[in-house]
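Reading the structure
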Amino acid sequence: MSISPESDEIKYAKGLEGVIAAISGISFIDGDQGILVYRGFSIETLAKHSNYEEIVYLLLHGELPTRPELEELTNKLKEYRTCEALMPSIRSFPKDAHPMDVVRSAVSLMGIYCPDKFDFSKEIKMQKVLRVVAKLPSIVASYDRIRKGLEPIEPDNSLNHAENFLYMLNGEKPDELSAKIMDIMFILHADHGMNASTFSAMVTISTLSDVYSSLTAGIGTLKGPLHGGANERVLKMLREIKSVDNVKPWLDEALEERRKIMGFGHRVYRAYDPRAKILKKYAKQLGEQKQGDLLFEIGEKVEEYMLEKVGAKGIQPNVDFYSGIVLNHLGIATDVFTPIFAISRSAGWGSHILEYLESNRLFRPRAIYNGPYHQEYIEIENREGE
Ligand code: CMC
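Every residue gets a number counted from 1 within its own chain, in the order that chain's sequence is written. Local features in a predicted model are, by the rule used here, given only for residues with pLDDT of at least 70; side-chain atom pairs are given and counted only at 80 or more, and totals for whole chains, interfaces and linings are based on all residues. Only hydrogens and water are set aside when side-chain values are computed; all heavy atoms of the structure are taken into account.

A look at the overall build of the chain
- Runs of H or I in DSSP of at least four residues are treated as helices and runs of E of at least two as strands, each being numbered from the N terminus. Counting its regular elements, the chain contains 16 helices and three strands.
- Relative to the globule expectation of 21 Å for 386 residues, the C-alpha radius of gyration of the chain, 22 Å, shows essentially globular dimensions.
- For the chain, the spread of C-alpha atoms along the principal axes amounts to about 70 × 55 × 50 Å.
- Only protein chains enter the calculation, and the probe is 1.4 Å; a residue is then buried if its accessible area is under 20% of its type maximum, exposed if over 50%, and partly exposed in between. In the chain, which comprises 386 residues, the proportion classed as buried is 52%.
- Long-range contacts, defined here as pairs at least 24 residues apart, represent 75% of the contacts in the chain between residues at least 6 apart.
- A total of about 19,300 Å² of accessible surface is found on the chain, and carbon and sulfur atoms cover 50% of it.
- In this charge count, Lys and Arg are treated as positive and Asp and Glu as negative; neither His nor the chain ends contribute. Here the site of a charge means NZ on Lys, CZ on Arg, CG on Asp, or CD on Glu. With 47 positive and 55 negative side-chain charges, the chain shows a spacing of 1 Å between the two charge centroids. The atom set for the radius of gyration is the C-alpha atoms, and the globule formula is 2.2 Å times the number of residues raised to the power 0.38. Note on contacts: a residue pair qualifies if any of its non-hydrogen atoms lie within 4.5 Å across the two residues. In these tables, accessible area is a Shrake-Rupley quantity obtained with a 1.4 Å probe, and a residue counts as shielded only by the protein chains included in the view.

Now the structure itself:
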């Protein structure tokens with residue numbers, strides 16, 4: 001039975017705003033206070049004391065690992081870093097493809113090449129998640145080099161996840177600060193409650209589809225500018241603004257035209273996004289090291305003026321605002337920003353789908369039908385315009 005607009009059953013929430021779609025113990029957001037917690041640990045504590053590998057364990061298993069548990073997970077991630085089976089395809093992709101499309105296609109291809117593709121046991125599902133977490137940095141780095149006419153670099157297993165990614169991207173081992181910032185970037189993006197891409201991954205797994213299909217769905221959803229794709233657009237915006245003096249006129253015009261300012265606003269946060277607070281510190285530090293680079297100054301002015309104009313409506317900087325500036329300072333191409341978000345979020349998506357499968361229920365919402373009823377079928381030769 002369809003639900004008609006006159007039905008008493010109507011409880012319609014556009015964009016599922018405020019709808020509770022699952023019960024989860026993975027991460028918690030208090031949007032009014034600007035708090036983000038993974039498994040009970042504040043994001044500030046984790047950014048200060050932890051590392052991405054530990055976060056992967058924490059999200060997937062619900063508690064911090066012991067030393068042997070962390071070692072086992074780290075070794076697995078290292079073992080899975082290589083992606084020989086995918087390389088012929090990655091090499092064949094057009095050089096002008098968006099790296100997010102490459103990431104999405106490569107994870108989909110992983111489903112074809114996975115040696116355990118027909119094994120749907122719980123243990124193997126966990127291995128599949130780890131395969132994606134481990135291979136994403138290699139995929140992103142390899143494609144970035146191939147499209148520049150360079151040879152991809154083999155992973156270096158003496159390096160951690162963040163260091164190895166930068167090494168595979170740039171061909172040289174990163175300095176300590178760059179490696180630490182990339183690690184923090186991975187920590188901060190690893191999970192974020194019930195967001196669009198996580199929901200998308202969960203919808204797919206709820207049909208009892210496979211891990212790769214589910215994570216591919218998550219990647220496709222993250223790509224959009226209202227979600228993970230905003231970081232790339234932030235940088236384009238700051239470059240377009242060009243100077244600190246141009247911030248006010250540029251924003252006045254954009255707001256007048258009711259354009260969304262990228263890197264601002266959030267469905268859940270009304271307070272300052274705690275991830276943006278952490279990243280702002282690094283954006284400033286890196287900006288100060290780069291003489292003559294105005295990106296941070298322009299960004300800070302954008303923040304100041306946005307808060308003055310629309311801050312009272314709860315529109316504050318989100319994670320994407322300062323992440324773009326930080327990644328740009330690390331010398332990373334703008335279109336690789338969202339893939340970096342995906343590299344990190346793969347752990348969150350994986351944790352949510354495995355958690356959801358523990359008490360799976362097919363996602364099957366309904367829609368209000370507002371089309372016509374009782375139409376008379378007219379044969380094609382008798383239709384108007386014949
Ligand atoms: N710039 C200007 N106005 C905004 C913005 C913005 N970035 N965000 C919200 N508003 C205004 C919007 O115009 C509306 O105003 P009014 O009530 O006068 O019509 C009001 O705030 C509510 O906006 P909304 O679009 O209904 O709110 P939402 O909950 O659907 O939006 C959002 C959340 C993230 C889609 C939106 O804030 C946005 O488009 N931001 C820019 C894109 C962006 O930075 N996305 C990254 C999100 S954080 C990373 C992630 O988790 O993916």
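Once you've had a look at it, read on.
Here's the deal with empty space enclosed by the protein
- Of the two site types, the cavity is a set of points on a 1 Å grid over the protein atoms alone where a 1.4 Å probe fits but cannot get out, and the pocket is an open set with protein on both sides within 12 Å along at least five of seven lines, each lined by residues with an atom within 4 Å of a point. Grid points are joined across faces, edges and corners, and a volume is the space filled by probe spheres set on the points. Summed over all chains, the structure comprises one cavity of 30 Å³ or more.
- If you trace the largest cavity, you find it lined by Gly265, His266, Tyr269, Ala271, Asp273, Gly314, Gln316, Pro317 and Asn318.

Let's talk about the layout of surface pockets
- If you add up the space inside the largest pocket, you get close to 2,000 Å³.
- Put simply, the parts of the chain that give the lining of the largest pocket at least two residues each are β1 (27–30), α9 (196–206), α12 (247–256), α14 (295–310), α15 (319–329) and α16 (337–357).
- Composition of the lining of the largest pocket by domain shows at least three residues from each of domain 1 (22–225 + 334–357) and domain 2 (230–329). Domain start and end points were adopted from an automatic or database domain assignment.

Considering the nonpolar core
- The definition of a nonpolar core used throughout is a set of buried Ala, Val, Leu, Ile, Met, Phe, Trp, Tyr and Cys residues joined through side-chain atoms within 4.5 Å. Formed by 115 residues in total, the largest nonpolar core has its most connected members in Met182, Val302 and Ile332.
- Leaving out residues up to four positions away in the same chain, Met182 has contacts with Ala162, Phe165, Leu166, Leu327, Leu330, Ile332 and Ile340.

So, the environment of Lys128
- With respect to the secondary-structure elements, Lys128 resides in helix α6 (residues 122–147).
- Each C-alpha atom, one on Lys128 and one on Gly111, is 9.0 Å from the other, the two residues being 17 residues apart in sequence.
- When neighbours within four sequence positions are excluded, Lys128 is seen to be in contact with Cys114, Asp116, Lys117, Asp119, Val211 and Tyr212.

Digging into the site of the ligand
- By convention in these notes, a residue is near a molecule or strand provided one of its non-hydrogen atoms lies within 4 Å of it. Contacts to the ligand come from 20 residues, most closely from His227, Lys260, Ile261, Phe264 and Arg267.
- We define a polar contact as two N or O atoms separated by no more than 3.5 Å, with the added condition that, inside protein, one atom must be a possible hydrogen donor and the other a possible acceptor, whereas residues neighbouring each other in sequence contribute only through side-chain atom pairs. Leu226 is positioned such that a nitrogen or oxygen atom in its backbone is 3.1 Å from a nitrogen atom of the ligand.
- Side-chain polar atom of Lys260 to an oxygen atom of the ligand: 2.7 Å apart, as the coordinates give it.
- Within the complex, the protein chains bury 74% of what would otherwise be the 930 Å² of accessible surface of the ligand.
- Nonpolar residues are Ala, Val, Leu, Ile, Met, Phe, Trp, Tyr, Cys and Pro. Charged residues are Asp, Glu, Lys and Arg, and all others, Gly as well, are polar. Partitioned by chemical class, the residues of the shell around the ligand number eight nonpolar, six polar and six charged.

Side note on helix α11 (residues 230–241)
- In a helix, the anticipated span is given by 1.5 Å times the number of residues less one. The end-to-end C-alpha distance of α11 is 16 Å, a good match for the 16 Å that twelve residues give at a rise of 1.5 Å each.
- Regarding α11, the residues found buried are Ala230, Asn231, Glu232, Val234, Leu235, Met237, Leu238 and Ile241.
- Where α11 is buried, its residues touch α12, α14, α15 and α16.
- In the stretch just after α11, Lys242 is the one whose phi turns positive, near 70 degrees.

As for the domain arrangement of the chain
- Segmenting the chain into domains produces domain 1 (22–225 + 334–357) and domain 2 (230–329).
- Of note, the centres of domain 1 and domain 2, computed from C-alpha atoms alone, are 26 Å apart.
- Taken together, the contact pairs 31 residues of domain 1 with 28 residues of domain 2.
- A combined buried area of about 2,300 Å² lies between domain 1 and domain 2, and 70% of that area is made up of carbon and sulfur atoms.
- Put simply, a salt bridge is a Lys or Arg side-chain nitrogen that is within 4 Å of an Asp or Glu carboxyl oxygen. Counting the contacts that link domain 1 with domain 2 gives zero salt bridges.
- The interface formed by domain 1 and domain 2 includes eight residue pairs in polar contact (both at pLDDT 80 or more).
- Elements supplying a minimum of two residues to the side of domain 1 that touches domain 2: β1, β2 (35–38), α1 (43–49), α8 (176–189) and α16.
- Looking at the side of domain 1 that touches domain 2, the element that brings in the most residues is α8, giving eight residues. Reported buried area values correspond to the accessible surface (1.4 Å probe) lost by two parts on association, with both partners' losses combined.

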